[in-house]
Amino acid sequence: MPTIQIAYKGMKYSREVTRNPQGIYILNSKGREYWFRKDFESQKKNYGWVLINGTSLPEEFLEQICSALQTIYIYG
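Here's a quick rundown of the structure. In this text, all values refer to a predicted model and were calculated from it rather than measured experimentally.

All right, on to the overall build of the chain then. On a plain count of helices and strands, the chain comes out with one helix and five strands. Walking the chain from its N terminus toward its C terminus, one meets helices and strands in the order β-β-β-β-β-α. The C-alpha atoms of the chain give 12 Å as radius of gyration, which agrees with the globular expectation for 76 residues (11 Å, within 12%). Judged by the C-alpha coordinates and their principal axes, the chain covers about 35 × 25 × 25 Å. Here the chain, with 76 residues, has 37% of them falling under the buried criterion. Taking contacts inside the chain between residues at least 6 apart in sequence as the whole, the part at least 24 apart equals 24%. With an accessible surface of roughly 5200 Å², the chain has 51% of that area assigned to carbon and sulfur atoms. Side chains of the chain give 10 positive and 7 negative charges; the mean places of these two sets differ by 3 Å.

Put into structure tokens, the structure is as follows:
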């Protein structure tokens, strides 16, 4: 399982990311799941990554997470 780093108020946090068979990337954080999928129609923001399970995150986290997801997506 890949791990991504998220910086917040001078601290760095590690979160695991899994991928399900449908191509959904799932970030687990404090007992909550955040589901991301690549939206090839909207590549202009956050590398085309969108949250799909009705959850939301502050923009500062989305930018960090989507950048890390893009790296995982490209390099595995």
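Glancing now at the packing of aromatic side chains. One pass over the structure, following the stated rule, counts three aromatic pairs. Taken together, the ring pairs in this structure connect Tyr25, Trp49 and Tyr73 into an aromatic cluster. Here the guanidinium or amino end of Lys38 rests over the ring plane of Tyr73, the centre of that ring lying 5.2 Å away.

On the surface, Phe40, Tyr73, Ile74 and Tyr75 cluster together to form a nonpolar patch covering roughly 510 Å² of accessible area. Locating Tyr73 in the fold gives a position in helix H1 (residues 59–75).

Within the fold, Leu27 resides in strand S3 (residues 25–29). When its relative accessible area of 3% is taken as the criterion, Leu27 is described as buried. Taking C-alpha positions, Leu27 is 11 Å from Ala68, a pair spaced 41 residues apart along the chain. The residues contacting Leu27, other than those within four sequence positions of it, are Ile4, Arg15, Glu16, Val17, Arg32, Glu33, Tyr34, Phe36 and Ile65.

About the cut-offs
- Residues numbered from 1 in each chain as written.
- Predicted model: local features only at pLDDT ≥ 70, side-chain atom pairs only at ≥ 80, totals over all residues.
- Heavy atoms only, no water.
- Helix = DSSP H or I, 4+ residues; strand = E, 2+ residues; numbered from the N terminus.
- Rg over C-alpha atoms; globule rule 2.2 N^0.38 Å.
- Buried < 20%, exposed > 50% of the residue type's maximum accessible area, 1.4 Å probe, protein only.
- Contact = heavy atoms within 4.5 Å.
- Areas by Shrake-Rupley, 256 points an atom, 1.4 Å probe, with all protein chains shown as cover.
- Lys, Arg positive; Asp, Glu negative; His and termini not counted.
- Charge placed at Lys NZ, Arg CZ, Asp CG, Glu CD.
- Phe/Tyr/Trp six-rings, centres within 6.5 Å; stacked < 30°, edge-to-face > 60°.
- Lys NZ or Arg CZ within 6 Å of the ring centre and 35° of its normal.
- Patch = residues over 30% accessible without salt bridge, like charges linked within 9 Å, V, L, I, M, F, W, Y side chains within 5 Å.
- Salt bridge = Lys/Arg side-chain N within 4 Å of Asp/Glu carboxyl O.

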